[in-house]
Amino acid sequence: MARVALLTACYVGVLGAPAAASNPGTVENTGQLLHFGDLSSGSPTDEMFIVSTPNGTGYWIATQKGVVSVFGDAGSYGDLSEITLNKPIVGMGSTPTGLGYWLVASDGGIFTFGDAQFFGSGPGKNVSSDFVEILTSPRISGYALVAATGEVLNFGDMKLAGVDSCSVNPVGSASSFGGGVFLLRVNSQPDTGTITAQSGPLDSQFIDDLLDHAQHCEADSSDVSGFLSPVKEARITSSFGLRNHPIWKQPLMHGGTDYVSSSKTYDGAINAAKSGTVLGVFDLVAYGRTVVLGHGSKLATVYAHLKHSQVNVGQTVQIGQMIGQMGSTGASTGPHLHFEIRVSGLVRNPESLLGESHSH
Ligand SMILES: [Zn+2]
């Protein structure tokens, strides 16, 4: 195979035990392969990719900024070091001759060098997530792009099979052999930084990405009815839409509706607004303890600021089933439920969708 190794920098530390200290950009060689040098300028924060020449007598190392370094008899055909990229480079592939290479950016954009031909790229192909890999073959003129959803786009003469199932866990890396692919599923990590006005939008984007992965193979819904109020005798304390944020004192989109209960006997129960599956339980910076439910047909509901949750990822829940307790975790000024309904990746106004079942 042309590509003897494809390692992102973060995986290097888990190879072999006990772990030996090595600098980012260090290359280790096994089998019959020779060592042709290390990347002396490897930055600890840059993801890097190593790609062998087809005959194994050299390799290229590319960084996420598109800087390509050559080793052994690998040829230098240029890179993107003079260009400021707005999307990081996520993969590199050698042409069958080894006289050129492709770089792919996270939006699926393709950059060609040497004898590498352009066969097409990711943008405009209706893939809902970022791309994570380019796969090439020493015998095939073309390449395949792998998205974090597990979708595979073939270009040129490449004909690799992709997956048509959904997973909440994105693909982090992929490798191919014959007509198939190995896909490595990884955990998606929410933001863990200090709380700022951007934490809410970051948490919202994290949930958006999660739903992209979990629901990309579902059909869009034409029926968005049948939701039950998640709070008994719900009273709205903040509506959906642009508002002056109570903590950050600046106009921010409120992607859901805030509820308390007006019931004198309220026990704090937060109930599933619709039957479905638990897609995620997270402790997010701004949303606090959060449960995300998937209801099929690209419908999802989000329950934030919970005191605690009592469901697990993958669990099936029935409409009205208690999933947690109202709380004030994350960026919150007091106990309430922040409730969202997401349809085909877009936040919708819960007030208009709860309809008859919703009582003030
Ligand atoms: Zn809210």
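Notes on the structure in this doc start here. (Residues numbered from 1 in each chain as written. Predicted model: local features only at pLDDT ≥ 70, side-chain atom pairs only at ≥ 80, totals over all residues. Heavy atoms only, no water.)

**Points about the overall build of the chain**
Here's step 1: Tallying secondary structure elements over the chain gives two helices and 24 strands in all.
Here's step 2: Expressed as lengths along the three principal axes of its C-alpha atoms, the size of the chain is roughly 75 × 40 × 40 Å.
Here's step 3: Counting only residues that meet the buried cut, the chain has 48% of its 360 residues in that class.
Here's step 4: When contacts within the chain are restricted to residue pairs at least 6 apart in sequence, long-range pairs at least 24 apart make up 52% of them.
Here's step 5: Across the chain, the mean location of the 18 positive side-chain charges is 9 Å away from that of the 29 negative side-chain charges. (Helix = DSSP H or I, 4+ residues; strand = E, 2+ residues; numbered from the N terminus. Buried < 20%, exposed > 50% of the residue type's maximum accessible area, 1.4 Å probe, protein only. Contact = heavy atoms within 4.5 Å. Lys, Arg positive; Asp, Glu negative; His and termini not counted. Charge placed at Lys NZ, Arg CZ, Asp CG, Glu CD.)

**Quick look at the state of the cysteines**
Here's step 1: For the structure shown, the criterion picks out one disulfide.
Here's step 2: Between the sulfur atoms of Cys166 and its disulfide mate Cys217 the distance is 2.0 Å. Taken together, the residues span a long stretch of sequence, with Cys166 in the loop between β9 (152-156) and β10 (171-177) and Cys217 in the loop between α1 (199-215) and β12 (234-238) at a distance of 51 residues. (Disulfide = S-S within 2.5 Å.)

**Some words on the sheet that holds β9**
Each strand in a sheet pairs with another by means of backbone hydrogen bonds, the pair being arranged parallel or else antiparallel.
Here's step 1: If you walk across this open sheet you meet the three strands as β7-β8-β9, and the pairing is antiparallel. With partners counted over all chains shown, the strands left at the sheet margins are β7 (131-137) and β9, one partner each. Here the strands of the sheet are splayed against their neighbours by 20° on average, with no regard to which way each runs. (Pairing = 2+ DSSP bridges. Axes fitted to C-alpha atoms, helices over the stretch in contact; angles between N-to-C directions.)

**Quick word on the pairing of strand β17 (residues 276-284)**
Here's step 1: In the sheet, β17 pairs with strand β21 (residues 316-317) via two bridges, with the strands oriented antiparallel. Considered in β21, the bridge of Gly276 is made with Val317.
Here's step 2: In the sheet, β17 pairs with strand β18 (residues 288-294) via seven bridges, with the strands oriented antiparallel. Among the inter-strand pairings, Val278 is bridged to a residue of β18, identified as Leu293.
Here's step 3: Taken together, β17 and the strand that follows it, β18, pair antiparallel across an intervening segment of three residues.

**Focus: the nonpolar core**
Here's step 1: The biggest cluster of nonpolar side chains holds 25 residues, and the ones touching the most others in it are Ile270, Val291, Leu293, Tyr303, Ile323, Leu337 and Phe339.
Here's step 2: Top element by residues in this core is strand β23 (residues 337-343). It accounts for four residues.
Here's step 3: Not counting residues within four places of it along the chain, the set of residues in contact with Ile270 comprises Pro230, Val231, Tyr303, Leu306, Gln321, Met322, Ile323, Gly324, Gln325, Met326 and Leu337.
Here's step 4: Listed in part, the 16 residues of the second largest apolar core include Leu210, Ala214, Ala286 and Ala304. (Core = buried A, V, L, I, M, F, W, Y, C linked by side-chain atoms within 4.5 Å.)

**Some thoughts on the pattern of salt bridges**
Here's step 1: Counted according to the given criterion, the structure contains four salt bridges.
Here's step 2: Note that Asp46 and Lys65 form a salt bridge whose closest N and O atoms lie 2.9 Å from each other. Taken together, the residues Asp46 in the segment before β1 (48-52) and Lys65 in the loop between β2 (58-63) and β3 (68-72) connect sequence positions 19 residues apart.
Here's step 3: Taking relative accessible area as the criterion, Asp46 reaches 8% and is therefore assigned buried.
Here's step 4: Here Asp283 ties to Arg289 by a salt bridge, and the two come within 2.8 Å at their closest N and O atoms.
Here's step 5: Residue Arg289 is classed as partly exposed on the basis of its relative accessible area, which comes to 23%. (Salt bridge = Lys/Arg side-chain N within 4 Å of Asp/Glu carboxyl O.)

**Quick notes on the coordination of the zinc ion**
Here's step 1: On the protein side, the zinc ion has His254 (NE2), Asp258 (OD) and His338 (ND1) as donor atoms, found 1.9 to 2.1 Å from it.
Here's step 2: Owing to a relative accessible area of 3%, His254 belongs among the buried residues under this scheme. (Donors = N, O, S within 2.8 Å, 3.2 Å for Na, K, Ca; no water.)

**Examining the sheet that holds strand β6 (residues 110-114)**
Here's step 1: What the three strands build is an open sheet, ordered β4-β5-β6; its pairing is antiparallel. A single partner strand is all that each edge strand has here, and the edge strands are β4 (89-94) and β6. In this sheet, neighbouring strand axes are inclined to one another by 20° on average, regardless of whether the strands run parallel or antiparallel.
Here's step 2: Bridging between strand β5 (residues 100-105) and β6 involves five bridges; their strand directions are antiparallel.

**Describing the packing of aromatic side chains**
Here's step 1: Under the definition given, this model contains 11 aromatic pairs.
Here's step 2: Put simply, the rings of Trp60, Tyr77, Tyr101 and Phe113 pair up and form one aromatic cluster.
Here's step 3: Its end group placed over the ring of Phe227, Lys274 keeps NZ or CZ at 4.9 Å from the ring centre. (Phe/Tyr/Trp six-rings, centres within 6.5 Å; stacked < 30°, edge-to-face > 60°. Lys NZ or Arg CZ within 6 Å of the ring centre and 35° of its normal.)

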